[in-house]
Amino acid sequence: MPASAYRLSEIAERLGLRLSLKSPEDDIVITGINTLEEAGPTELSFLSNPKYAHQLKATQAGAVIVRPDHEADVRRALVTDDPYPMFAQALTLFAHPQGSFTGISHLACVHPEANVGEGCTIYPFCYIGPRASLGRGCIVFPGCYIGEECTLGDGCILYPRVVLMAGTVLGASCVLQPGAVLGAEGFGFARTAEGIQKIPQIGHVQIGDRVEIGANSAVDRAALSATVIGDGTCLDNLVQIGHNVRMGKDCLIVSQVGISGSTHVGDNVTMAGQAGVSGHLHIGSNSTIGPQAGVAKDIGEGQVVGGSPTTDYNTYLRTATLIPKLPELFKRVARLEKELGHKPMTEKKADRSLATMWNRWMAKMHHKS
Amino acid sequence: MPASAYRLSEIAERLGLRLSLKSPEDDIVITGINTLEEAGPTELSFLSNPKYAHQLKATQAGAVIVRPDHEADVRRALVTDDPYPMFAQALTLFAHPQGSFTGISHLACVHPEANVGEGCTIYPFCYIGPRASLGRGCIVFPGCYIGEECTLGDGCILYPRVVLMAGTVLGASCVLQPGAVLGAEGFGFARTAEGIQKIPQIGHVQIGDRVEIGANSAVDRAALSATVIGDGTCLDNLVQIGHNVRMGKDCLIVSQVGISGSTHVGDNVTMAGQAGVSGHLHIGSNSTIGPQAGVAKDIGEGQVVGGSPTTDYNTYLRTATLIPKLPELFKRVARLEKELGHKPMTEKKADRSLATMWNRWMAKMHHKS
Amino acid sequence: MPASAYRLSEIAERLGLRLSLKSPEDDIVITGINTLEEAGPTELSFLSNPKYAHQLKATQAGAVIVRPDHEADVRRALVTDDPYPMFAQALTLFAHPQGSFTGISHLACVHPEANVGEGCTIYPFCYIGPRASLGRGCIVFPGCYIGEECTLGDGCILYPRVVLMAGTVLGASCVLQPGAVLGAEGFGFARTAEGIQKIPQIGHVQIGDRVEIGANSAVDRAALSATVIGDGTCLDNLVQIGHNVRMGKDCLIVSQVGISGSTHVGDNVTMAGQAGVSGHLHIGSNSTIGPQAGVAKDIGEGQVVGGSPTTDYNTYLRTATLIPKLPELFKRVARLEKELGHKPMTEKKADRSLATMWNRWMAKMHHKS
């Protein structure tokens with residue numbers, strides 16, 4: 001990548017850190033950032049979690065961002081009380097620029113009735129439909145589709161192959177990762193006596209400012225009105241947001257989560273990977289939903305839940321520990337019954353289908369049949 | 001969007017509804033449809049579920065589709081015994097047209113040996129391979145790929161970036177949402193003494209009439225013969241259909257469901273979000289599979305199952321209620337044992353790894369470390 | 001498809017099989033391969049699993065690959081001690097060629113500073129950025145994006161709409177299915193007092209030789225250094241690999257699996273569909289993770305685990321059998337308590353929310369409301 005390089009003194013100044021060198025010659029040029037384990041002699045590293053302090057001895061890093069109590073442990077230190085956010089800021093100095101094209105490609109199709117703001121970059125093979133409007137300084141990578149009457153705020157980045165169906169609204173400074181699809185038809189079908197009836201989806205998708213959408217994620221347009229995602233909310237890859245969902249601000253939604261139609265999500269909600277939320281529910285602000293959780297009822301403000309279906313997280317942790325002990329518990333109960341002279345339960349034959357399926361799958365995967 | 005507008009009398013006539021107005025001046029112009037809560041004075045709304053009847057007082061809607069018993073509650077009513085399907089039909093009057101391009105773009109690559117039916121729309125940046133055949137009136141949005149010898153029936157819509165690999169067959173009136181991939185190679189690998197052996201996938205994908213495939217969903221081509229999806233079946237977004245799966249008619253498959261290779265699914269099957277089905281199974285017609293269910297054995301006609309692995313749904317609901325009570329049950333059993341003079345179980349230390357992982361994740365997500 | 005056709009004697013010779021015919025006229029021309037049930041008179045089939053031996057009588061197949069003990073049961077046999085791998089090799093004789101374009105399209109954008117190896121095929125609508133380098137004989141299907149300074153080994157195949165963000169490295173003979181995204185920004189966000197802070201992702205993705213990535217799967221680039229996938233590892237469709245994950249060789253990762261950031265996976269690991277793995281874990285070589293499993297702790301070499309959270313697979317199978325018996329167990333314990341004169345537990349009202357959600361969903365899916 002285009003190499004960035006800075007003297008330590010320059011980095012210290014830019015980040016407002018105190019530079020601590022053993023000698024003036026130590027003000028070396030830094031060319032990148034890496035972990036304590038992998039950093040080379042011209043790379044900067046950091047120590048945030050004290051349990052990795054022992055790595056300070058072995059590291060090859062040219063310099064390290066540390067707390068004052070570790071200043072003496074390294075030849076070249078950038079000193080701060082809170083290394084992690086400083087490290088994050090240092091990263092911005094070395095971030096790869098993705099994309100180098102500028103201007104509006106003659107190989108893009110921009111409808112004459114589309115309105116493209118000042119300083120936008122439109123790569124080849126993009127299609128921008130009539131009455132679409134892009135703010136200033138947007139970057140649209142190859143293969144993107146921006147349908148009729150979409151509105152993008154200033155400084156949005158659409159990575160390759162993003163699709164915005166007609167009427168999608170983005171705020172300012174949104175980042176859409178490759179393959180994200182906004183505004184596809186919601187899953188509106190109903191079984192009737194005459195078979196499946198499709199319910200037209202005439203709404204749209206409305207996204208706030210600084211929203212990030214992950215690779216190949218999908219946000220469906222509303223049946224009526226809008227599917228809404230609030231300012232600063234970030235979705236990871238392969239996330240599904242159903243029609244008429246309304247999400248608040250600053251939510252973090254991890255990969256492969258699915259949120260069903262018409263569910264309302266508050267602010268600062270965190271959902272771990274592969275969690276699923278049923279439709280028409282309310283998820284309170286500041287709540288946290290665990291990995292693979294299955295949410296089937298409303299979640300209150302600040303609640304922390306896990307399991308499928310969900311319980312409060314402590315109950316989930318306790319039951320998760322007890323479930324493996326069920327075979328033992330059944331034995332213990334049988335023993336009590338015996339002592340009290342009960343007839344032993346006539347065990348109905350155990351269902352072997354799960355084991356059968358599993359063995360067949362193992363055999364296939366390891367080709368024993 | 002291009003505004004559609006109709007007088008109430010025109011809507012009543014088109015849908016065959018009885019119009020009930022307080023005065024002739026009430027035959028106003030309607031410009032859209034919305035919920036009772038959000039509808040404005042020129043929008044039409046509907047009341048289907050009686051529990052929302054109280055909203056009739058507060059609504060700003062210009063008119064409401066209601067049952068006869070609510071006719072008196074609104075100034076302008078469209079009266080029917082079954083409002084919901086009438087609402088769905090009314091939607092079609094106001095549905096946004098997606099896409100406005102017509103004809104065959106000179107920026108599309110259509111192979112001279114491809115056969116494009118009368119009245120088709122081919123957007124820029126589409127690639128249509130040799131011996132592919134499109135029926136009449138198909139619409140192919142930007143960035144679609146239609147491989148060698150694909151066959152599309154009349155009136156199919158391929159939204160942006162749909163991929164049909166060679167040999168894919170679509171019936172009439174299919175709708176493929178953006179990013180759907182049909183005919184990618186099935187996951188055919190076997191471990192052998194010499195490492196992983198790839199098993200060529202020489203089959204194809206065969207789709208019936210009126211099938212809908214969701215955004216970024218994938219239907220793999222068969223190892224041999226065909227992966228089949230029957231007429232009227234609808235898949236939501238991010239659904240995975242493995243090679244050699246055969247699905248019947250009018251199935252509804254909700255987002256993020258995965259169906260493994262060679263499983264056969266009957267007609268009118270409904271699968272809720274994130275459910276998974278193992279390979280080589282038979283799923284009976286009219287059966288229903290719950291959210292996040294894990295199907296590891298055959299499901300009979302009309303069965304309703306839930307849980308992972310699945311049980312009949314009532315058992316699933318009961319056990320789901322009891323699992324949170326396990327901590328209490330273990331205490332109760334310990335107490336009985338004590339009364340009968342058993343030595344207390346020497347508890348082996350509980351496995352804390354789950355809580356540890358969780359706490360680490362929480363710390364990261366809320367940046368405490 | 002371009003029909004391939006071979007005489008049985010030619011197939012026997014190519015695969016090194018013994019040909020067993022009832023008469024010389026039986027050396028017929030074979031035009032394809034199919035299952036015993038579906039094969040026609042000019043198609044080849046095989047019998048690997050003895051439990052399907054009865055199909056030999058009914059099959060219409062022109063010839064069958066069989067073990068010696070079944071040689072007498074068919075008119076035309078190709079005889080081997082291990083039919084399955086021979087069948088897999090026979091498939092390669094009849095595999096459809098996907099794609100027929102050759103050369104470098106004038107409708108592709110190849111940056112003058114990009115380096116395209118000898119014999120590459122670049123379809124229309126591909127974008128190849130500055131300083132990208134493709135080895136010999138790569139095939140890049142329509143709509144692919146190859147960012148700055150990507151490096152591809154010889155003989156890689158990128159099916160339509162694959163995205164490689166800047167700096168991605170592929171070894172030789174990799175196959176990327178349609179819509180796969182490599183090198184999108186990892187999900188690097190932290191909550192701070194000032195709200196969500198984005199952590200720039202300055203690393204890249206590094207893929208070994210003979211790696212396959214499924215349709216619409218996503219492999220995120222590292223925050224620092226690289227996200228690594230080892231030689232021969234195969235990912236199915238809709239798989240998510242988080243930033244800084246490091247996977248070994250010859251792993252098989254089935255559809256919709258998610259692996260969270262910074263987890264290390266050994267060699268020959270198998271993960272079944274929809275399994276999820278938390279971040280910062282170690283998954284030992286030769287281990288197997290069951291379907292929908294939730295991995296929250298390290299997995300040892302060769303371990304086989306299932307459930308969410310995971311336990312060893314036998315415990316999982318046993319508990320899965322016992323959970324449906326919980327209602328009965330609670331009754332048994334209550335009965336014991338009664339005999340010992342305990343006051344009956346005052347049952348707190350069961351939580352009906354799950355059933356409520358379910359009934360609402362069923363009603364919607366079958367449109368009763």
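Here the residue numbers are simple positions, counted from 1 along each chain's written sequence. Chains and ligands are labelled by the order in which they are written, letters from A for the one and numbers from 1 for the other. Under the rules for a predicted model, residues below a pLDDT of 70 receive no local features and side-chain atom pairs below 80 are neither given nor counted, while totals for whole chains, interfaces and linings still include all residues. Hydrogens and water are ignored here; the side-chain numbers use all heavy atoms of the structure.

Digging into empty space enclosed by the protein
Point 1. For cavity detection a 1 Å grid was placed over the protein atoms alone, and a set of points counts as a cavity when a 1.4 Å probe fits there but cannot get out; an open set counts as a pocket when protein lies on both sides within 12 Å along at least five of seven lines, with lining residues being those that have an atom within 4 Å of a point. Grid points are joined across faces, edges and corners, and a volume is the space filled by probe spheres set on the points. The final tally for this structure, using the stated rule, is four cavities of 30 Å³ or more.
Point 2. When its volume is computed, the largest cavity comes out at roughly 180 Å³.
Point 3. Surrounding the largest cavity, 23 residues form its lining, Phe125 and Gly143 of chain A, Phe125 and Gly143 of chain B together with Gly143 of chain C being those nearest its centre.
Point 4. The nonpolar class holds Ala, Val, Leu, Ile, Met, Phe, Trp, Tyr, Cys and Pro. Asp, Glu, Lys and Arg form the charged class, and all remaining residues, Gly among them, are polar. Classifying every residue of the lining of the largest cavity gives 17 nonpolar, three polar and three charged.

Some words on the relation of the copies chain C and chain A
Point 1. In this comparison the copies share one frame, found by least squares on the C-alpha atoms of residues holding pLDDT of at least 70 in both. Each copy superposes on the other: chain C lies on chain A with an RMSD of 0.1 Å after a rotation of 120° and an axial shift of 0.0 Å. Such a combination of turn and shift is consistent with a three-fold rotation axis.

Observations regarding the nonpolar core
Considering soluble globular proteins, one finds that nonpolar side chains tend to be buried as a cluster.
Point 1. Ranked by size, the top nonpolar core spans 195 residues in total, and within it Leu158 of chain A, Leu158 of chain B together with Leu158 of chain C carry the most contacts.
Point 2. Leave out the neighbours within four places in its chain, and Leu158 of chain A touches Ile139, Val140, Phe141, Cys144, Ile146, Leu152, Leu164, Leu170 and Leu176 of chain A. Put simply, a nonpolar core is a bunch of buried Ala, Val, Leu, Ile, Met, Phe, Trp, Tyr and Cys residues held in one set by side-chain atoms that sit within 4.5 Å of each other. Buried means the residue's accessible area, taken with a 1.4 Å probe over protein chains only, is under 20% of the maximum for its type, while exposed means over 50%, and partly exposed covers the values in between. Whether two residues touch is decided by their heavy atoms; if any such pair falls within 4.5 Å, the residues are in contact.

As for the packing of helix 1 (residues 8-15) of chain A against helix 3 (residues 83-94) of chain A
Residue and element names in this part refer to chain A.
Point 1. Here an axis means a line fitted to C-alpha atoms, over the contact stretch when the element is a helix, while the angle between two N-to-C directions is reported on a 0 to 180 degree scale. For helices the rule is a DSSP run of H or I covering at least 4 residues; for strands it is a run of E covering at least 2, with both sets numbered from the N terminus onward. Across the interface, helix 1 lies against helix 3 with an axial gap of 11 Å and an inter-helix angle of 120°. Taken together, the axes of helix 1 and helix 3 are oblique relative to one another. The way helix 1 lies across helix 3 gives a crossing that is right-handed. Taken together, the residues of helix 3 that come into contact with helix 1 (itself represented by Ile11, Arg14 and Leu15) are Met86, Gln89, Ala90, Leu93 and Phe94.
Point 2. The residue makeup of the contact of helix 1 with helix 3, split by class, is six nonpolar, one polar and one charged. Roughly parallel covers angles under 35 degrees, roughly antiparallel covers those over 145, roughly perpendicular covers 65 to 115, and oblique covers all other angles. Handedness of a crossing is defined here by the sense of rotation of the near helix relative to the far one, left-handed for an anticlockwise turn of less than a right angle and right-handed for a clockwise turn.

Remarks on the side chain of Asp27 of chain C
Residues and elements named next belong to chain C.
Point 1. Assignment of secondary structure puts Asp27 in the loop between strand 2 (18-21) and strand 3 (29-30).
Point 2. For Asp27, the side chain forms a polar contact with the side chain of Ser9, separated by 2.6 Å.
Point 3. Setting aside chain neighbours within four positions, we find Asp27 in contact with Arg7, Leu8, Ser9 and Leu21. Polar contacts, as counted here, are pairs of nitrogen or oxygen atoms within 3.5 Å of one another; within protein the pair requires one atom able to donate a hydrogen and one able to accept it, and residues that are adjacent in sequence qualify only if both atoms are side-chain atoms.

Points about the interface of chain C and chain B
Frequently, the measure chosen for interface size is the accessible area removed from exposure when the parts meet.
Point 1. Chain C puts 93 residues into the contact, and the matching count from chain B is 97 residues.
Point 2. Each of two parts loses accessible area, computed with a 1.4 Å probe, when they are put together; buried area is these two losses added. Together chain C and chain B conceal approximately 7500 Å² of surface at their shared face, both sides included; 65% is due to carbon and sulfur atoms.
Point 3. Contact with chain B buries area across many residues of chain C, yet Arg161, Phe330 and Trp358 of chain C alone supply 9% of it, more than any other trio.
Point 4. Each reported salt bridge corresponds to a side-chain nitrogen of Lys or Arg within 4 Å of a carboxyl oxygen of Asp or Glu. Linking chain C to chain B there are three salt bridges.
Point 5. A salt bridge links Lys198 of chain B to Glu212 of chain C; its shortest N-O distance comes to 2.8 Å.
Point 6. For the side of chain C that touches chain B, the secondary-structure elements that each account for two or more residues are helix 3 (83-94), strand 21 (189-192), strand 27 (234-235), strand 30 (252-253), helix 4 (313-322), helix 5 (326-339) and helix 6 (353-365) of chain C.
Point 7. Across the side of chain C that touches chain B, the residue classes tally to 56 nonpolar, 26 polar and eleven charged.

Concerning the packing of aromatic side chains
The relative placement of two aromatic rings is captured by the distance of their centres and the angle of their planes.
Residues and elements named next belong to chain B.
Point 1. When two rings of Phe, Tyr or Trp (its six-membered ring) have centres within 6.5 Å they constitute a pair, described as stacked for plane angles under 30 degrees, edge-to-face for angles over 60, and tilted for the intermediate range. Throughout the structure, instances matching the rule amount to 45 aromatic pairs over all chains.
Point 2. Plain terms: the ring middles of Trp358 and Trp361 are 5.2 Å apart, the flat faces sit at 35° to each other, and that makes the pair tilted. With a gap of three residues between them, Trp358 and Trp361 both fall in helix 6 (residues 353-365), about one helical turn apart.
Point 3. Taking relative accessible area as the criterion, Trp361 reaches 16% and is therefore assigned buried.

What about the pattern of salt bridges?
Residues and elements named next belong to chain A.
Point 1. What the rule picks out here adds up to 42 salt bridges over all chains.
Point 2. Among the ionic pairs, Arg76 bridges to Asp26, the shortest N-O distance being 3.4 Å. Placement of the pair is Arg76 in strand 7 (residues 76-79) and Asp26 in the loop between strand 2 (18-21) and strand 3 (29-30), with a sequence separation of 50 residues.
Point 3. Residue classification places Asp26 among the buried residues on the basis of a relative accessible area of 3%.
Point 4. A salt bridge links Glu339 to Arg335; its shortest N-O distance comes to 3.9 Å. A residue pair is termed a helical-turn pair when its members lie 3 or 4 positions apart in one helix, as Glu339 and Arg335 do in helix 5 (residues 326-339) at four residues.
Point 5. Judged by its relative accessible area of 42%, Glu339 is partly exposed.
Point 6. The partly exposed category is assigned to Arg335, whose relative accessible area is 48%.

Remarks on the packing of helix 4 (residues 313-322) of chain B against helix 6 of chain C
Point 1. Where helix 4 of chain B meets helix 6 of chain C, the closest approach of the two axes is 9 Å, and the angle between their N-to-C directions is 150°. Two secondary-structure elements touch here, helix 4 of chain B through Tyr313, Tyr316, Leu317 and Ala320 of chain B and helix 6 of chain C through Leu354, Ala355 and Trp358 of chain C.
Point 2. A per-class count over the contact of helix 4 of chain B with helix 6 of chain C returns seven nonpolar, no polar and no charged.

Some words on helix 5 (residues 326-339) of chain B
Point 1. The first and last C-alpha atoms of helix 5 of chain B sit 20 Å apart over 14 residues, in line with the 20 Å expected at 1.5 Å per residue.
Point 2. Restricting attention to buried positions, one finds in helix 5 of chain B the residues Leu326, Pro327, Leu329, Phe330, Arg332, Val333, Leu336 and Glu337 of chain B.
Point 3. Next to the buried residues of helix 5 of chain B lie helix 4 (313-322) and helix 5 of chain A, helix 4 of chain B together with helix 5 of chain C.
Point 4. Downstream of helix 5 of chain B by one or two residues, Gly341 of chain B has phi in the positive range, about 75°. Expected span of a helix, by definition, is 1.5 Å for each gap between consecutive residues, and there is one gap fewer than residues.

Considering the pairing of strand 6 (residues 63-66) of chain A
Residues and elements named next belong to chain A.
Point 1. Of the two faces of strand 6, both are covered, the one formed by Ala63 and Ile65 as well as the one formed by Val64 and Val66.
Point 2. Strand pairing is assigned whenever DSSP detects at least two bridges linking the two strands. Relative to strand 6, strand 5 (residues 43-46) runs parallel, the two sharing three bridges. Note on strand 6: the bridge partner recorded for Leu44 is Ala63.
Point 3. Bridge analysis of strand 6 against strand 7 gives three bridges, and the strand direction is parallel. Along strand 7, the bridge assignment pairs Val64 with Ala77.

Some remarks on the pairing of strand 5 (residues 43-46) of chain B
Residues and elements named next belong to chain B.
Point 1. By the alternation rule, side chains of strand 5 split into Glu43 and Ser45 and Leu44 and Phe46, which are all buried.
Point 2. Here two bridges tie strand 4 (residues 32-33) to strand 5, and the two strands are oriented parallel to one another. Bridge pairing in strand 5 places Ile33 opposite Leu44.

Observations regarding the state of the cysteines
Here, the word disulfide means a covalent bond between the sulfur atoms of two cysteines.
Point 1. Put simply, a disulfide is two cysteine sulfurs that come within 2.5 Å. This model, assessed by the stated rule, comprises zero disulfides over all chains.
Point 2. Here Cys251 of chain A is not cross-linked by a disulfide; its sulfur's nearest cysteine counterpart is in Cys234 of chain A, at 9.5 Å.
Point 3. The structure places no disulfide on Cys174 of chain B, whose sulfur is separated from the nearest cysteine sulfur, that of Cys156 of chain B, by 4.5 Å.

Overview of the environment of Leu93 of chain B
Residues and elements named next belong to chain B.
Point 1. Relative to the helices and strands, Leu93 resides in helix 3 (residues 83-94).
Point 2. A residue is classified by how much of its surface remains accessible, and Leu93, at 12% relative accessible area, is buried.
Point 3. Through-space distance from the C-alpha of Leu93 to that of Val257 is 32 Å; in sequence the pair is 164 residues apart.

Side note on the interface of chain C and chain A
Point 1. On the side of chain A, 93 residues touch chain C, which itself brings 98 residues to the contact.
Point 2. Regarding the contact of chain C and chain A, the summed buried area is about 7500 Å², with carbon and sulfur atoms giving 65% of it.
Point 3. At the boundary of chain C with chain A, the tally comes to three salt bridges.
Point 4. A salt bridge links Arg332 of chain C to Glu337 of chain A; its shortest N-O distance comes to 2.8 Å.

Some points on the confidence of the model for chain A
Point 1. Known as pLDDT, the predictor's confidence for each residue is given on a scale from 0 to 100. Here chain A averages 93 in pLDDT, and 96% of its residues register 70 or above.
Point 2. In the model output, the complex is listed with pTM 0.94 alongside ipTM 0.93.

Comments concerning the sheet that holds strand 31 (residues 258-259) of chain C
Point 1. Judged by pairing direction, the sheet is parallel, and its ten strands sit side by side in the order 8-11-14-17-20-25-28-31-34-37 (chain C) without closing on themselves. Each of the sheet's edge strands pairs with one partner strand only, and the pair in question is strand 8 (109-110) and strand 37 (294-295) of chain C.

Brief notes about the sheet that holds strand 4 (residues 32-33) of chain C
Point 1. Reading across from one edge, 2-7-6-5-4 (chain C) is the order of the five strands in this open sheet, with mixed pairing throughout. The outermost strands of the open sheet, each flanked by one partner alone, are strand 2 and strand 4 of chain C.

Concerning unusual backbone geometry
Among all residues except glycine, the phi angle is most often negative; among peptide bonds, the trans geometry is most common.
Point 1. Residue Ser308 of chain A is joined to Pro309 of chain A through a cis peptide bond whose omega torsion reads 0°.
Point 2. Topologically, Pro309 of chain A is positioned in the loop between strand 38 (304-306) and strand 39 (311-312).
Point 3. Positive phi values are uncommon outside glycine, yet Asn286 of chain A reaches one of about 60°.
Point 4. Position of Asn286 of chain A relative to the elements: it lies in the loop between strand 35 (282-283) and strand 36 (288-289).
Point 5. Exposure remark for Asn286 of chain A: the relative accessible area of 41% places this residue in the partly exposed category.
Point 6. The phi dihedral of Arg161 of chain B is positive, around 70°, even though this residue is not glycine.
Point 7. For Arg161 of chain B, the position within the fold is in the loop between strand 16 (157-158) and strand 17 (163-164).

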